[in-house]
Amino acid sequence: MSKIAIIGATGRAGSQLLEEALRRGHSVTAIARNTAKITSRDGVVSKAVDALDAAALEAAVAGHDVVISAAHFATLPAAAVIGPVKKAGVKRLLVVGGAGSLLLPDNSRVIDSPGFPPEYKAEASAGAAFLETLRQEKELDWTFLSPSAEFVEGERTGSFRLGQDHLLVSAEGRSWITFADYAIALLDEIEQPAHSRQRFAVGY
């Protein structure tokens, strides 16, 4: 079993990752600015940390096998995560990615398509920048898992597809994944690494 630190553990993705990790018997350090939402139970240590405080984040993630960053890209750039994780001596970093940097069938990026919602542009651009920074990283064993276009609440089915750099679209023409099923895919990657120093995608 692994010791896993989750940055942004109170968010919609982070909270499902926390549940999935506990379901599998891992021990979790839940890192968030406000830990009031994190219920006290076996297997979880909550730490109230401003992730932009490099020294505090380094101290919070030290001693873990894996760090998961589930924070918004627009508020927590790559350097703010990578630096403290490396200084803490943690070798593996998994990142809850975005769909904006995924590719369409013509190999253009989702974020560059004409119908991309302008209100998501800043976050998606920051996510693409985060991925590019990871791709230059020479020391960390990183993985960036992009969800589908719709990243939504919903049931944990355990049934989904994995892809690489292209947006996954279902037979019905919808690109979507629930937070719960996304969490399964990411925890699978922690337990059985198959995408070291790669981005991959999950969807129905």
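Residues numbered from 1 in each chain as written. Predicted model: local features only at pLDDT ≥ 70, side-chain atom pairs only at ≥ 80, totals over all residues. Heavy atoms only, no water.

An unreviewed UniProt entry lists the protein under the name NAD(P)-dependent oxidoreductase, with Pseudomonas vanderleydeniana as the source organism.

### What to know about the sheet that holds strand β5 (residues 92-96)
Pairing is mixed across the open sheet formed by eight strands, whose spatial order is β3-β2-β1-β4-β5-β6-β10-β8. Both outer strands of the open sheet, β3 (44-48) and β8 (161-163), are each paired with one neighbouring strand and no more. Each strand of the sheet is rotated relative to its neighbour by a mean of 20 degrees, with strand direction disregarded. By the bridge criterion, five bridges tie strand β1 (residues 3-7) to strand β2 (residues 27-32) in an arrangement that is parallel. (Pairing = 2+ DSSP bridges. Helix = DSSP H or I, 4+ residues; strand = E, 2+ residues; numbered from the N terminus. Axes fitted to C-alpha atoms, helices over the stretch in contact; angles between N-to-C directions.)

### Let's talk about unusual backbone geometry
Here the phi dihedral of N107 falls at roughly 70 degrees; this positive angle occurs in a residue that is not glycine. Among the structural elements, N107 can be located in the loop between β5 and α4 (121-135). Notably, R197 is not glycine yet its phi reads approximately 55 degrees, a positive angle. Within the secondary structure layout, R197 lies in the loop between α5 (179-191) and β10 (198-203).

### Some words on the pattern of salt bridges
Summed over all chains, the structure comprises 15 salt bridges. E19 is the partner of R41 in a salt bridge, and the nearest nitrogen-oxygen pair spans 2.5 Å. Taken together, the residues span a long stretch of sequence, with R41 in the loop between β2 and β3 and E19 in helix α1 (residues 12-23) at a distance of 22 residues. On the basis of relative accessible area, E19 is assigned to the partly exposed category, the value being 30%. In this structure, the salt-bridge partner of R199 is D165, at a minimum N-O distance of 2.7 Å. You can see R199 sitting in strand β10 and its partner D165 sitting in the loop between β8 and β9 (176-178), a full 34 residues away along the chain. Through salt bridges with shared partners, one network takes in E20, R23, R24, R156, D188 and E191. (Salt bridge = Lys/Arg side-chain N within 4 Å of Asp/Glu carboxyl O. Buried < 20%, exposed > 50% of the residue type's maximum accessible area, 1.4 Å probe, protein only.)

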